[in-house]
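Here is how the chains run, residue by residue.
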Amino acid sequence: MAELGLELPTVAAPVAAYVPAVVSGNHVFTSGQLPFVDGALPATGKVGASVTAEDAKGYARQCALNALAAAASVIGSLDRVTRVVKVVGFVSSDPAFTGQPGVINGASELLGEVFGEIGQHARSAVGVAVLPLDSPVEVELILEFA
């Protein structure tokens, strides 16, 4: 990650009754991560209305970074990751917006940059009416580790 100029952020505090990540067997499951930067959302609102798809793609990238931080907090090091198994992305969408896959590419592309071939994953990109705190995007990960 250092070679990419990336640094893991501080794990975001949960906004409800859950933990940021859980280990089960040799998998880590992250809770949905919002695009917090220094404890605050960089934007709120619906993609395709008050938030552009390009900005939302960047927020999805930040969500993935936050999810990696959550994963690292329970497995100790991302060097232990052997496979990115699945990405689930939620996009708070204007009813006419249909570009959810392009938005969640922000997360997928980051994982490819960080992990290379083992970063290739299954994925869902879903449009929703609203997300917690009026966030434009939310991303969760399932990672395999040794």
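Computed from a predicted model, the values in this text were never measured in an experiment. In this convention, every chain numbers its residues from 1, walking through the sequence in written order. With the structure being a predicted model, the display of local features is reserved for residues of pLDDT at least 70 and the display and counting of side-chain atom pairs for 80 or more, all residues being used for whole-chain, interface and lining totals. The basis for every side-chain value is the complete set of heavy atoms in the structure, and neither hydrogens nor water enter the calculation.

Bringing the pairing of strand β4 (residues 122–128) into the picture now. Pairing of strand β3 (residues 81–92) with β4, which is carried by 7 bridges, proceeds in the parallel orientation. Across the sheet, residue serine 92 finds its bridge partner in β4, namely valine 128. A crossover counts as right-handed when, viewed with the strands pointing away from the observer, the path leading from the first strand over the helix to the second turns clockwise. Working definition: helices are DSSP H or I runs of at least four residues, strands are E runs of at least two. Numbering for both runs from the N terminus. For the segment spanning β3, helix α2 (residues 100–115) and β4, crossover handedness is right-handed. Any two strands with at least two DSSP bridges between them are considered paired.

Read across the open sheet, the 5 strands follow the order β1-β2-β5-β3-β4; overall the sheet is mixed. Edge positions in the sheet fall to β1 (21–24) and β4, since each has one partner strand and no second. Neighbour-to-neighbour, the strand axes of this sheet turn through a mean angle of 15 degrees, independent of strand direction. Contacts between residues were defined by any pair of non-hydrogen atoms, one from each residue, lying within 4.5 Å. Note on geometry: axes are lines fitted to C-alpha atoms, helical ones only across the stretch in contact, with angles between N-to-C directions running from 0 to 180 degrees. Against the sheet, helix α1 (residues 53–75) engages β1, β2 (27–30), β3 and β5 (137–145), with an angle of about 40 degrees to β5. α2 contacts β3, β4 and β5 of the sheet and is inclined by roughly 160 degrees relative to β3.

There is about 220 Å³ of room inside the largest pocket. Around the largest pocket, the lining residues are Pro9, Thr10, Ala12, Ala13, Phe36, Val37, Asp38, Gly39, Gln62 and Asn66. All amino acids are sorted into three groups, where Ala, Val, Leu, Ile, Met, Phe, Trp, Tyr, Cys and Pro are nonpolar, Asp, Glu, Lys and Arg are charged, and the leftover types, Gly among them, are polar. In terms of residue class, the lining of the largest pocket is made up of 5 nonpolar, 4 polar and 1 charged. Site definitions follow a grid-based scheme: protein atoms alone, a 1 Å grid, a 1.4 Å probe that fits but cannot get out for cavities, and for pockets an open set with protein on both sides within 12 Å along at least five of seven lines, plus lining residues having an atom within 4 Å of a point. Grid points are joined across faces, edges and corners, and a volume is the space filled by probe spheres set on the points. If you add up the space inside the second largest pocket, you get close to 150 Å³. Lining the second largest pocket, in full, are Met1, Leu8, Ala72, Gly76, Ser77, Leu78, Asp79, Val81, Val114, Phe115 and Ile118.

Attention now goes to the nonpolar core. By convention a nonpolar core is built from buried Ala, Val, Leu, Ile, Met, Phe, Trp, Tyr and Cys residues, the set being connected through side-chain atoms within 4.5 Å. We call a residue buried when its accessible area falls under 20% of the maximum for its residue type, exposed when it is over 50%, and partly exposed in between, using a 1.4 Å probe and counting protein chains only. Among the nonpolar cores identified, the biggest contains 36 residues, and Leu68, Val103, Val139, Leu141 and Leu143 are the most heavily contacted of them. For this core, the secondary structure elements donating two or more residues are α1, β3, α2 and β5. Excluding residues that lie within four positions of it along the chain, valine 103 makes contacts with Val47, Ala53, Ala56, Lys57, Ala60, Val91, Phe97 and Val137.

Taken by themselves, the reported measurements are silent on function.
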